[in-house]
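Structural features, examined
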Amino acid sequence: VTEHTTEAGVSTHPGGHLSDDAVVIRGGEMKRNTLMLSARKYEAIHPGEHGLTFWSWPDMTAEEIALRVGRRVLMHAQLRKCTVGRIRGMAVSDGRPLDLVRTGQQDGHYTLILPSPPTNEDLDRLGQLFDPPQPNPAVSEVGGHA
Amino acid sequence: MPETPRVEVDFNDFEADGRLGALTSSADNPSALAPGVLVTLWDEDGNTAQGRVAELADRGLVWIDVLRETWRSGPEARSAEQVVAANLADLKSSGWVLCLTAGSTTSFTTNFGVVAPDFYLVQPIFHAVWGTMGPLAAVRGLAGWPQHPGWPQHLDFAEYYKLRLVTGVAPATAEVGS
């Protein structure tokens, strides 16, 4: 299958899709304003689409994903994790089913395309799907930055 | 230290080229943003870092070259000067020879974004000296810097170089530790 990349850099290669039990992570505490800021920044790059980026590799734990991404990119002291299945089951304001698609040039980099624009309720609901913040091993491994 | 513009960011928003994307509207003084300007980055979690504006783009986007060594999980980012000062003693005592610069800052910075560990050190150094310094063989020989005795384990060479540029004391051709 030939990989196809849309104007927004979204891969439609079947391999770009994750199974329901795949773990995804995001750096930081995922507070609503931060998520909204990031979604708006995404829209500035890809007009008409609001998105949030995550990291995932099949069959990896959150800790393994964080270590693979590394502290240069995942600098936060904490991270949050979720499964793809939970995200897919979330109801959002535009009624469209959510999914993560592989994006960009970085391996393991996925984008969740949100309703455009997302509501505060969308982002709060998304945040509630994730487990509570946990230490980021990529940072704690080297003693942190602080 | 003069006040730098503050920009609210999401530190998840690094692109593949290593730059962080943000919105100019997230700055406390958007009109102060211009290429090369030093900025303080912060997020709602309380993390801070310093960076330099790399580019102002359409639709209110600003691309920032983050000085990763200034990152702090707290309200006060370490300044580039503080990080350089903290590491200078280590470097000088090691007798290190730093063959730096000679390339343009722009091309050097552009090539910094690559995160691939095997090429990370070789490529930027190669570009930095391209066309202006002869001993490329010697430069290639420096690819194993992180393992070299005396180079601080925690210190990323590329980041250190960027910090030196920001502080205005980047070496012109080469720097020899005392």
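Structure: see above.
Residues numbered from 1 in each chain as written. Chains lettered and ligands numbered in written order. Predicted model: local features only at pLDDT ≥ 70, side-chain atom pairs only at ≥ 80, totals over all residues. Heavy atoms only, no water.

**Looking at the interface of chain B and chain A**
Under the convention used in this document: Only heavy atoms matter for contacts: two residues are in contact if any of them lie within 4.5 Å across the pair. Defined in terms of a 1.4 Å probe, buried area is the accessible area two parts forfeit on being brought together, summed over both. By convention in these notes, a salt bridge is any Lys or Arg side-chain nitrogen within 4 Å of a carboxyl oxygen on Asp or Glu. The helix count covers DSSP runs of H or I at least four residues long, the strand count covers runs of E at least two residues long, and both are numbered beginning at the N terminus. Residue polarity follows a fixed list, in which Ala, Val, Leu, Ile, Met, Phe, Trp, Tyr, Cys and Pro are nonpolar, Asp, Glu, Lys and Arg are charged, and the others, Gly among them, are polar.
Taken together, the 31 residues of chain B in the interface contact 27 residues of chain A. Between chain B and chain A, roughly 2,800 Å² of surface is buried when both sides are summed, and carbon and sulfur atoms account for 50% of that area. There are five salt bridges connecting chain B and chain A. Across the pair Asp13(B) and Lys41(A) runs a salt bridge, and its minimum N-O distance is 3.9 Å. No other element matches strand E5 (residues 61-72) of chain B, which puts five residues into the side of chain B that touches chain A. Its residues assigned to classes, the side of chain B that touches chain A comprises 12 nonpolar, six polar and 13 charged.

**Overview of the nonpolar core**
Selection criterion: The term nonpolar core refers to a set of buried residues drawn from Ala, Val, Leu, Ile, Met, Phe, Trp, Tyr and Cys, joined through side-chain atoms within 4.5 Å. Throughout this description, buried means an accessible area under 20% of the type-specific maximum (1.4 Å probe, protein chains only), exposed means over 50%, and partly exposed covers the range between.
Within the largest apolar cluster, 22 residues are counted, with the highest numbers of intra-cluster contacts made by Val24(A) and Phe54(A). Among the elements of the structure, helix H1 (32-45), strand E2 (50-55), helix H3 (84-88), strand E5 (109-114) and helix H4 (120-129) of chain A are those that each provide at least two residues to this core. Setting aside its immediate chain neighbours within four residues, Val24(A) contacts Leu18(A), Phe54(A), Trp55(A), Ser56(A), Arg80(A), Lys81(A), Cys82(A), Val84(A), Ile87(A), Leu100(A) and Phe130(A). If you look at the next biggest cluster of nonpolar residues, it comprises 17 residues, including Met75(A), Val7(B), Phe11(B) and Ile64(B).

**Some points on the pattern of salt bridges**
Residue and element names in this part refer to chain A. One pass over the structure, following the stated rule, counts 15 salt bridges over all chains. Between Asp20 and Arg88 there is a salt bridge, and its shortest N-O distance comes to 2.6 Å. Remark: Arg88 occurs in helix H3 and Asp20 occurs in the segment before strand E1 (23-27); sequence separation between them is 68 residues. Of the residues examined, Arg88 reaches a relative accessible area of 25% and is grouped as partly exposed. In this structure, the salt-bridge partner of Arg88 is Asp99, at a minimum N-O distance of 2.8 Å. Of this pair, Arg88 sits in helix H3 while Asp99 is found in the loop between H3 and strand E4 (100-102), placing the two residues 11 residues apart along the sequence. The class for Asp99 is partly exposed, based on a relative accessible area of 26%.

**Structural notes on the packing of H1(A) against H4(A)**
Residues and elements named next belong to chain A. Heads up, the condition is: Axis definition: a line fitted to C-alpha atoms, limited for helices to the stretch in contact. Angles are taken between N-to-C directions and run from 0 to 180 degrees. An angle counts as roughly parallel when it lies under 35 degrees, as roughly antiparallel when it exceeds 145, as roughly perpendicular when it falls between 65 and 115, and as oblique in every other case. The hand of a helix crossing depends on one turn: near helix anticlockwise from the far one by less than a right angle means left-handed, and clockwise means right-handed.
Interhelical geometry of H1 versus H4 gives an angle of 115° and a closest axis separation of 10 Å. Viewed along their axes, H1 and H4 adopt a mutual orientation that is roughly perpendicular. Crossing geometry of H1 relative to H4 is assigned as right-handed. Here Arg32, Leu35 and Met36 of H1 lie close against H4, whose contacting residues are Asn120, Leu123 and Asp124. When the residues that make up the contact of H1 with H4 are grouped by side-chain class, the tally is three nonpolar, one polar and two charged.

**So, the side chain of Gln134(A)**
Residues and elements named next belong to chain A. Residue placement: Gln134 occurs in strand E6 (residues 134-135). You can call Gln134 buried: its relative accessible area is 14%. Setting aside anything within four residues of it in sequence, one finds Gln134 in contact with Ala62, Glu63, Ala77, Gln78, Leu79 and Lys81.

**A look at helix H2 (residues 62-69) of chain A**
Given 3.6 residues per helical turn, the α-helix brings residues three or four places apart onto the same face. All names here are of chain A. To be explicit about the condition: When we speak of the arc, we mean the arc of directions from the helix axis to the C-beta atoms.
Of all the residues in H2, the buried ones are Ala62, Ile65, Ala66 and Val69. One side of H2 carries all its buried residues, which in axial view fall inside an arc of 100°. The secondary structure elements touched by the buried residues of H2 are E1, E2, strand E3 (78-83), E6 and helix H5 (137-140). Just downstream of H2, Gly70 is the residue with a positive phi angle, here 90°.

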